[in-house]
Amino acid sequence: MPFPFDPYPSNPFFSCEPGSLRIVDKSRFSQVVMGKEDPWLTLSVDEQNVMHSRPVKVTAHQDFEVEIECESGTLRLDIDSESARKVDTDGREWVYRGGLEEANEGMGWMPVS
């Protein structure tokens, strides 16, 4: 199944939780809260997943790009290209080995040279 499964929300809501980051379409928010629908995307926290550490806050989002401050660095999602990059607390940059459709599959990170 191609990613994204539905069009990216034109008005996204971001929920930073200890174990995940959820992206919800604001127009569908009440349906998600009531458990009638799933969020547009849920990124589960795991060192080898895209959401490599606990999300603290979304610091920027424009069009198809989202920047998230995490406990161990900054995560940048490019929804359009289905890719993720992170910059760790030491300033090293990494790229996720899979696409966003594999974000919770523990594909791991590769350093950017």
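Before any of the text, the structure's been laid out above.
Residues numbered from 1 in each chain as written. Predicted model: local features only at pLDDT ≥ 70, side-chain atom pairs only at ≥ 80, totals over all residues. Heavy atoms only, no water.

A look at the side chain of Asp88
In this fold, Asp88 is placed in strand β7 (residues 83-88). Note on Asp88: relative accessible area 13%, which makes it buried. Side-chain polar atoms of Asp88 contact the backbone nitrogen of Asp90, separated by 3.0 Å. Within the structure, the side chain of Asp88 is placed 2.8 Å from the side chain of Arg92, a separation counted as a polar contact. (Helix = DSSP H or I, 4+ residues; strand = E, 2+ residues; numbered from the N terminus. Buried < 20%, exposed > 50% of the residue type's maximum accessible area, 1.4 Å probe, protein only. Polar contact = N/O pair within 3.5 Å; in protein donor to acceptor, adjacent residues only side chain to side chain.)

Quick notes on the state of the cysteines
This model, assessed by the stated rule, comprises zero disulfides. Summary of cysteine pairing: Cys16 is not part of a disulfide, and the nearest cysteine sulfur, belonging to Cys70, is at 7.7 Å. (Disulfide = S-S within 2.5 Å.)

Structural notes on the nonpolar core
Generally speaking, soluble globular proteins have nonpolar side chains that are buried together. One finds Leu43, Val50, Ile68, Leu75, Leu77 and Ala84 to be the most contacted residues of the largest nonpolar core, which totals 20 residues. Listed by contribution, the elements that provide at least two residues to this core are β2 (20-25), β3 (41-44), β5 (65-70) and β6 (73-78). The element best represented in this core is β5, accounting for three residues. Residues within four places of Val50 in sequence aside, it is in contact with Leu43, Leu75, Leu77, Ala84, Tyr96, Leu100, Ala103 and Trp109. (Core = buried A, V, L, I, M, F, W, Y, C linked by side-chain atoms within 4.5 Å. Contact = heavy atoms within 4.5 Å.)

Observations regarding unusual backbone geometry
Not every positive phi belongs to a glycine, and Asp63 is a case in point at roughly 50°. Look at Asp63 and you get exposed, because its relative accessible area is 61%.

Description of a nonpolar patch on the surface
Together, Phe13, Phe29 and Val33 give the surface a local cluster of nonpolar side chains, amounting to about 250 Å² of exposed area. Along the polypeptide, Val33 turns up in helix α1 (residues 29-33). (Patch = residues over 30% accessible without salt bridge, like charges linked within 9 Å, V, L, I, M, F, W, Y side chains within 5 Å. Areas by Shrake-Rupley, 256 points an atom, 1.4 Å probe, with all protein chains shown as cover. Salt bridge = Lys/Arg side-chain N within 4 Å of Asp/Glu carboxyl O.)

Remarks on the sheet that holds strand β1 (residues 12-17)
What the three strands build is an open sheet, ordered β1-β2-β3; its pairing is antiparallel. The open sheet is flanked by β1 and β3, the only strands paired with a single partner. With strand direction ignored, the average angle separating the axes of adjacent strands in the sheet is 10°. In this sheet, β2 lies alongside β1 in antiparallel orientation, the contact comprising six bridges. Across the sheet, residue Phe13 finds its bridge partner in β2, namely Val24. (Pairing = 2+ DSSP bridges. Axes fitted to C-alpha atoms, helices over the stretch in contact; angles between N-to-C directions.)

Here's the deal with the environment of Met51
Looking at the element boundaries, Met51 is found in the loop between β3 and β4 (55-62). Overall, Met51 belongs to the buried group, its relative accessible area being 0%. Along the chain, Met51 and Glu93 lie 42 residues apart, while their C-alpha atoms are 15 Å from each other. Those residues in contact with Met51, other than ones at most four positions away along the chain, are Leu21, Leu43, Ser44, Val45, Asp46, Ile68, Cys70 and Leu75.

The analysis is restricted to geometry; functional conclusions fall outside its scope.
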